[in-house]
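Below are the chains, spelled out letter by letter.
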Amino acid sequence: MVYKSSEKRYDTMLYNRCGKSGVKLPAISLGLWHNFGGVDTFENGRAILHKAFDSGITHFDLANNYGPPPGSAEEMFGKVLKQDFAPYRDEMIISTKAGYTMWDGPYGDWGSKKYLVASLDQSLKRMGLDYVDIFYSHRFDPETPVEETMEALHLIKQQGKALYVGISNYRPEQTKSALKILNQLGTKCLIHQAKYSMYERWVEGGLLDILGSEGVGLIAFSPLAQGLLTNRYIDGIPAGSRAAKADTFLNREDVTEEKIRQVRQLNDIAKARGQSLAQMSLAWLLKDPRVTSVLIGASSVAQLEDNLKTIQTVNFSGDELKRIEAILAG
Ligand code: NDP
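Residues numbered from 1 in each chain as written. Predicted model: local features only at pLDDT ≥ 70, side-chain atom pairs only at ≥ 80, totals over all residues.

(A) Quick look at the overall build of the chain. A count of helices and strands for the chain gives ten helices and ten strands. For a compact globule of 330 residues, the expected C-alpha radius of gyration is about 20 Å, and the chain comes in at 19 Å, within 12% of that figure. Each principal axis of the C-alpha distribution contributes one length, and for the chain these read about 50 × 50 × 40 Å. Looking at the 330 residues of the chain, the share that counts as buried comes to 45%. The long-range fraction of contacts in the chain, counting pairs at least 24 apart against all pairs at least 6 apart in sequence, stands at 76%. (Helix = DSSP H or I, 4+ residues; strand = E, 2+ residues; numbered from the N terminus. Rg over C-alpha atoms; globule rule 2.2 N^0.38 Å. Buried ≥ 20, exposed ≤ 12 C-beta atoms within 10 Å, placed from the backbone. Contact = placed C-beta atoms within 7 Å.)

(B) Spotlight on the nonpolar core. Phe77, Ile134, Phe135, Val165, Ala178, Ala220 and Val294 are the most contacted members of the largest nonpolar core, which totals 89 residues. It is helix α8 (residues 277-286) that contributes the most residues to this core, eight residues altogether. Those residues within four positions of Ala220 in sequence are excluded, and the remaining contacts are Ala194, Tyr196, Leu285, Val291, Val294 and Leu295. (Core = buried A, V, L, I, M, F, W, Y, C linked by C-beta atoms within 7 Å.)

(C) How the structure looks around the site of the ligand. Gly31, Trp33, Phe221, Gly227 and Gly297 are the nearest of the 31 residues found near the ligand. Within the residue set of the shell around the ligand, elements represented by two or more residues are β10 (291-296) and α9 (301-308). In terms of residue count, the dominant contributor to the shell around the ligand is α9 (three residues). Looking at the shell around the ligand, its residues break down into ten nonpolar, 17 polar and four charged. (Near = placed C-beta within 6 Å. Nonpolar A, V, L, I, M, F, W, Y, C, P; charged D, E, K, R; others polar.)

(D) Region of interest: unusual backbone geometry. Residue Gly67 is joined to Pro68 through a cis peptide bond whose omega torsion reads -10°. Looking at the secondary structure, you find Pro68 in the loop between β4 (59-61) and α2 (72-85). The peptide bond linking Pro68 to Pro69 adopts the cis configuration, its omega dihedral lying at -5°. Locating Pro69 in the fold gives a position in the loop between β4 and α2. At Ser222, a position not held by glycine, the phi torsion is positive, near 50°. Within the secondary structure, Ser222 is located in the loop between β9 (217-221) and α7 (257-272).

(E) Quick look at α8. With ten of ten residues buried, α8 is to be regarded as a mostly interior element. Every buried residue belonging to α8 is among Leu277, Ala278, Gln279, Met280, Ser281, Leu282, Ala283, Trp284, Leu285 and Leu286, and all of these are buried. Structurally, α8 contributes buried residues whose contacts are with β3 (28-31), β9, α7, β10, α9 and α10 (318-328).

(F) Representation of the sheet that holds strand β8 (residues 189-195) in the model. Spatial strand order, β3-β4-β5-β6-β7-β8-β9-β10: eight strands in a closed barrel with parallel pairing. Going across the sheet, the axis of each strand differs from the next one's by a mean of 30°, ignoring polarity. Docked against the sheet, helix α3 (residues 113-127) engages β5 (93-98), β6 (132-137) and β7 (162-168), running at close to 135° with respect to β5. Along the sheet face, helix α5 (residues 172-185) touches β7 and β8 and points at about 165° away from the line of β8. (Pairing = 2+ DSSP bridges. Axes fitted to C-alpha atoms, helices over the stretch in contact; angles between N-to-C directions.)

(G) View of the packing of α5 against helix α6 (residues 207-214). Two numbers describe how α5 lies on α6: the axes approach to 9 Å, and their chain directions differ by 20°. With respect to α6, the element α5 is oriented roughly parallel. Remark: the crossing between α5 and α6 carries right-handed chirality. Here α5 contributes Pro172, Thr175, Lys176 and Leu179 to the contact with α6, which in turn contributes Leu207, Ile210 and Glu214. (Parallel < 35°, antiparallel > 145°, perpendicular 65-115°, else oblique. Left-handed = near helix turned anticlockwise from the far one by under 90°.)

Shown next as structure tokens:
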């Protein structure tokens, strides 16, 4: 099958400026953490990627360790890039990261310059790219001086292996020092990638304010709390869902009665708004102008299609917001 992207791909998506930068990101971006690895069905992942790009999703997020096995999501994406997306490379923002365990020994983890530089070289090979658009330090390293990690990002940008750099999972104080060092080096931090959803709100405790005032974008990962904030678990844990699978970061025990009780109540509000719960959960994040994009995952084209409809209704009434807060407060 020869892939040709839809001519209507830019007709409906919203694009938000990423902090104070020249880059706009789609309100909805797609991550390849799960469902695109060597253990997954290639054609399913490929169909999701096609649907995403055909619908205006121009941003695809990877990391060295995505799979499983680690590295296989980048290989999968590289294959699709080569066979289908090659004519569209310049219409895409492709990101990758290093910071979690990737290979044995002291140089395959955390935040040293040795690890970050070598890891990006490997990622570029796996994806068949000359450069990525964004390269992230995936997590703050308490042992490596933050100056070294930021110097690595600066070097990578200077080498042209990444056009922009970002940080992920850095707490407010860590973010402040990272941004200061990057500014001194003359490399601006484009974006912070942080876990943010109705169920995970740590970014509201200072990080969003720092990013807003520094002109750095925020991309919210796991915005659906890995599927909890959708109708996926309303009637139990389906076979094949993330919570049912081994070796994922969502366990059966995370799907608590308490959570499902809240999910049912949230679902009632979503229904009254004419939305699915997934759509309302994403819209709830996008209502804050400091949130550049929500970084979703999807295991099927149908889920992606559901999530894409979010942008039809992103506004909330004051009353809806109050009722949501009351539900979340228990
Ligand atoms: P989500 O919170 O969007 O969860 C995605 C999962 O939710 C899907 O796999 C699917 O679960 C379920 N789902 C999605 N849409 C629907 C729907 N409409 N109806 C029902 N169920 C739905 O995000 P992820 O946790 O997957 O994370 C997204 C991306 O964020 C990652 O791919 C990665 O790029 C990034 N990330 C970054 C991290 C970091 O440290 N920087 C850490 C984690 C993620 P199911 O598989 O059960 O069908």
